[in-house]
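Topology and contacts: notes
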Amino acid sequence: MDAHSIRPDVYVKDDKETVYGIEVQVSDTKKLPKRSRYYQGMIDLQLVDAGQHYKKLNRSYIIFICPFDLYGTGRHIYTFENICKEDNRISMGDEAVKIFLNADGTMDDVSRELKAFLDYVAGQKPEDSYVEKLEEAVQEAKKNREWRHEYMTLLMRDQENVEKGKEYGEERMLF
């Protein structure tokens, strides 16, 4: 009850039981690597109940979509898997993958389609048929009163929690 929880923007399990936790991260908190580790652990806890076998742990992807370059090398994509430090030909085989997508990348290291999506994330006008459809869907979602209400309710709750945290912090500083 007192522990952090996770609320990815998108949580999907595909027809092969692969799990995807996807989140858009707009500001660089410098904590995404540890946060991705935490997300992985929380997803794993949801996949295996007490007494179940570890083989129930599905392949999983934690994906952060960012408008900034977390690692500062100009890549559009940083993919991490557990690899043996002494021999990088050996993978641990735990099927846990963490991906950081960078809309601010400069390399030619992703497909044209993914680059178009990342350009869209960076605020550029869509120049790809899929991204154009995505933009249309976003505009339709913005018109949906029920979704807007739910979003605003979550936003207000988050703001209230920030205020409570500030008040708690201020109270603790007085003593």
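Attention now moves to the pattern of salt bridges. Within this structure, the stated rule accounts for 8 salt bridges. Residues Arg89 and Asp87 are paired through a salt bridge, measuring 2.9 Å at the closest nitrogen-oxygen approach. The class for Arg89 is exposed, based on a relative accessible area of 70%. Residue classification places Asp87 among the partly exposed positions, given a relative accessible area of 22%. Counted as one network, the salt bridges with shared partners bring together Arg112, Glu113 and Asp128.

Before going further, it helps to spend a moment on the nonpolar core. Ranked by size, the top nonpolar core spans 13 residues in total, and within it Leu32, Phe64 and Phe100 carry the most contacts. Elements with a minimum of two residues in this core: helix H1 (32-47) and strand E3 (60-66). A total of 4 residues in this core trace back to one element, the largest contributor, which is H1. With sequence-adjacent residues up to four places away left out, Phe100 is seen in contact with Leu32, Pro33, Ser36, Phe64, Leu70, Tyr71, His76, Ile77, Tyr78 and Phe80. If you look at the next biggest cluster of nonpolar residues, it comprises 11 residues, including Ile99, Leu101, Tyr120 and Val131.

With that settled, the discussion passes to unusual backbone geometry. One non-glycine residue, Lys30, adopts positive backbone phi at about 65°. Considering the arrangement of structural elements, one finds Lys30 in the loop between strand E2 (19-24) and H1. Unusually for a residue other than glycine, Glu95 sits at a positive phi of about 60°. Mapped onto the secondary structure, Glu95 falls in the loop between strand E4 (77-80) and strand E5 (96-102).

Turning our attention to the sheet that holds E4. Through backbone hydrogen bonds, the strands of a sheet pair up, either in parallel or in antiparallel fashion. Across the sheet, which stays open at both edges, the 5 strands sit in the order E1-E2-E3-E5-E4 with mixed pairing between neighbours. Among the strands making up the open sheet, the edge pair consists of strand E1 (10-13) and E4. Here the strands of the sheet are splayed against their neighbours by 15° on average, with no regard to which way each runs. Here E4 pairs with E5 via 4 bridges, running antiparallel. Across the sheet, Ile77 pairs through a bridge with Leu101, a residue of E5.

Turning our eyes to something else, we now look at the side chain of Asn58. Among the secondary structure elements, Asn58 is positioned in the loop between H1 and E3. Classification of Asn58 by relative accessible area gives buried; the value is 15%. Separated by 2.4 Å, the side chain of Asn58 and the backbone oxygen of Glu17 make a polar contact. Not counting residues within four places of it along the chain, the set of residues in contact with Asn58 comprises Lys13, Glu17, Val19, Leu47 and Glu95.

The terminal C-alpha atoms of H1, which comprises 16 residues, lie 22 Å apart, in line with the 22 Å expected from a rise of 1.5 Å per residue. Residues of H1 that are buried: Leu32, Ser36, Tyr39, Gln40, Ile43 and Leu47. Seen along its axis, H1 keeps its buried residues to an arc of 100°; they face one direction. Exposed side of H1, more than 90 degrees from the buried face: Lys34, Arg37 and Leu45 are the residues found there.

The rules behind the values
- Residues numbered from 1 in each chain as written.
- Predicted model: local features only at pLDDT ≥ 70, side-chain atom pairs only at ≥ 80, totals over all residues.
- Heavy atoms only, no water.
- Salt bridge = Lys/Arg side-chain N within 4 Å of Asp/Glu carboxyl O.
- Buried < 20%, exposed > 50% of the residue type's maximum accessible area, 1.4 Å probe, protein only.
- Core = buried A, V, L, I, M, F, W, Y, C linked by side-chain atoms within 4.5 Å.
- Helix = DSSP H or I, 4+ residues; strand = E, 2+ residues; numbered from the N terminus.
- Contact = heavy atoms within 4.5 Å.
- Pairing = 2+ DSSP bridges.
- Axes fitted to C-alpha atoms, helices over the stretch in contact; angles between N-to-C directions.
- Polar contact = N/O pair within 3.5 Å; in protein donor to acceptor, adjacent residues only side chain to side chain.
- Expected span 1.5 Å × (residues − 1).
- Arc of directions from axis to C-beta.

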